[in-house]
Amino acid sequence: MCIAEYKKIIKSMMSENRYNHCVNVSKEAVKLAKRYGGDEEKASIAGILHDITKEMPKEEQLQIMLDSGIILDDIQKNAPKLWHGISGSVYIKNHLDINDEDILNAVCYHTTGRAGMSLLEKIIFVADFTSEERTYKGVATMRKKSRKSLEVAMLYGFKFTFSDLSSRELAIHPDELACYNEIVLNNSTKGKSK
């Protein structure tokens, strides 16, 4: 399948705003892939499909995960906002016959990140924060940081996410903390400045 076919599929599954977001994430992912030497085609596909199940009813998302044998941890059980990455990766594997592990992982972890992320996973994580329609406070800084390095942008994104979650007394998933810690530790051993 090509991007045009994926666009047609997702358009029928989501609101116009969510569709536009997916198109913009795909475009931004391609730009980041060009900048950092990633696979532009994979970036385009993962970007367009990253939110494929986001607007599905929570029960459907849960069923997709249960049917595939995924066991949610306690934090995931209590954070349905995290489900669409996991259910989305299962959905595109089962329904769109995408078997590329890198694309599947980029969709699965685009919300939380994780330790040991591939270049593509980092690209989709950052593109989701920096897509054209984003208007949150700090987005201009995030975009600027994304041109410096993916890791620098990710650290900034995590600060934003951790601050939001902790202000609402919501749990932070261990994958997010592991990713954040890995970047911080790698930066300190390399002597990189933030």
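Residues numbered from 1 in each chain as written. Predicted model: local features only at pLDDT ≥ 70, side-chain atom pairs only at ≥ 80, totals over all residues. Heavy atoms only, no water.

Undergrad: Run through the environment of asparagine 24, naming residues and quoting values.
TA: You can see asparagine 24 is positioned in helix α2 (residues 16-36). Under the relative-accessibility criterion, asparagine 24 is labelled buried at 12%. For the pair formed by asparagine 24 and glycine 47, sequence separation is 23 residues and the distance between their alpha carbons is 8.1 Å. Setting aside its immediate chain neighbours within four residues, asparagine 24 contacts Ser131, Glu132 and Glu133. (Helix = DSSP H or I, 4+ residues; strand = E, 2+ residues; numbered from the N terminus. Buried < 20%, exposed > 50% of the residue type's maximum accessible area, 1.4 Å probe, protein only. Contact = heavy atoms within 4.5 Å.)

Undergrad: Before we move on, could you go through a positive patch on the surface and cite the residues and values that matter?
TA: Taken together, Arg35, Lys144, Arg147 and Lys148 make up a surface patch of like positive charges. Counting residues per element, the positive patch draws most heavily on helix α9 (residues 139-148), which supplies three residues. Among the secondary structure elements, arginine 147 is positioned in helix α9. (Patch = residues over 30% accessible without salt bridge, like charges linked within 9 Å, V, L, I, M, F, W, Y side chains within 5 Å. Areas by Shrake-Rupley, 256 points an atom, 1.4 Å probe, with all protein chains shown as cover. Salt bridge = Lys/Arg side-chain N within 4 Å of Asp/Glu carboxyl O. Lys, Arg positive; Asp, Glu negative; His and termini not counted. Charge placed at Lys NZ, Arg CZ, Asp CG, Glu CD.)

Undergrad: So, the packing of aromatic side chains: which residues are in play, and what are the values?
TA: Scanning the entire structure with this criterion turns up eight aromatic pairs. On the basis of an interplanar angle of 80° and a centroid distance of 6.5 Å, the ring pair of phenylalanine 129 and phenylalanine 160 is categorised as edge-to-face. Residue phenylalanine 129 is found in helix α8 (residues 119-130), and its partner phenylalanine 160 is found in helix α10 (residues 150-167); the two are separated by 31 residues along the sequence. A relative accessible area of 13% places phenylalanine 129 in the buried class. Between tyrosine 136 and phenylalanine 160, the ring centres sit 4.9 Å apart and the planes meet at 40°, which makes this aromatic pair tilted. Here phenylalanine 160 lies in helix α10 and tyrosine 136 lies in the loop between α8 and α9, a separation of 24 residues in the sequence. Each residue in the set Phe125, Phe129, Tyr136, Phe158, Phe160, Phe162 and Tyr180 is aromatic and connected to the rest through ring pairs, giving one cluster. A cation sits over an aromatic face here: lysine 11 above tyrosine 19, 4.2 Å from the ring centre. (Phe/Tyr/Trp six-rings, centres within 6.5 Å; stacked < 30°, edge-to-face > 60°. Lys NZ or Arg CZ within 6 Å of the ring centre and 35° of its normal.)

Undergrad: Explain the confidence of the model for the chain to me, using residue names and the numbers behind them.
TA: Per-residue confidence for the chain gives a mean pLDDT of 93; residues scoring 70 or more make up 97%. Across the chain, the element-wise mean pLDDT spans from 89 in helix α11 (residues 174-190) up to 98 in helix α7 (residues 101-108). (pLDDT = per-residue confidence, 0-100.)

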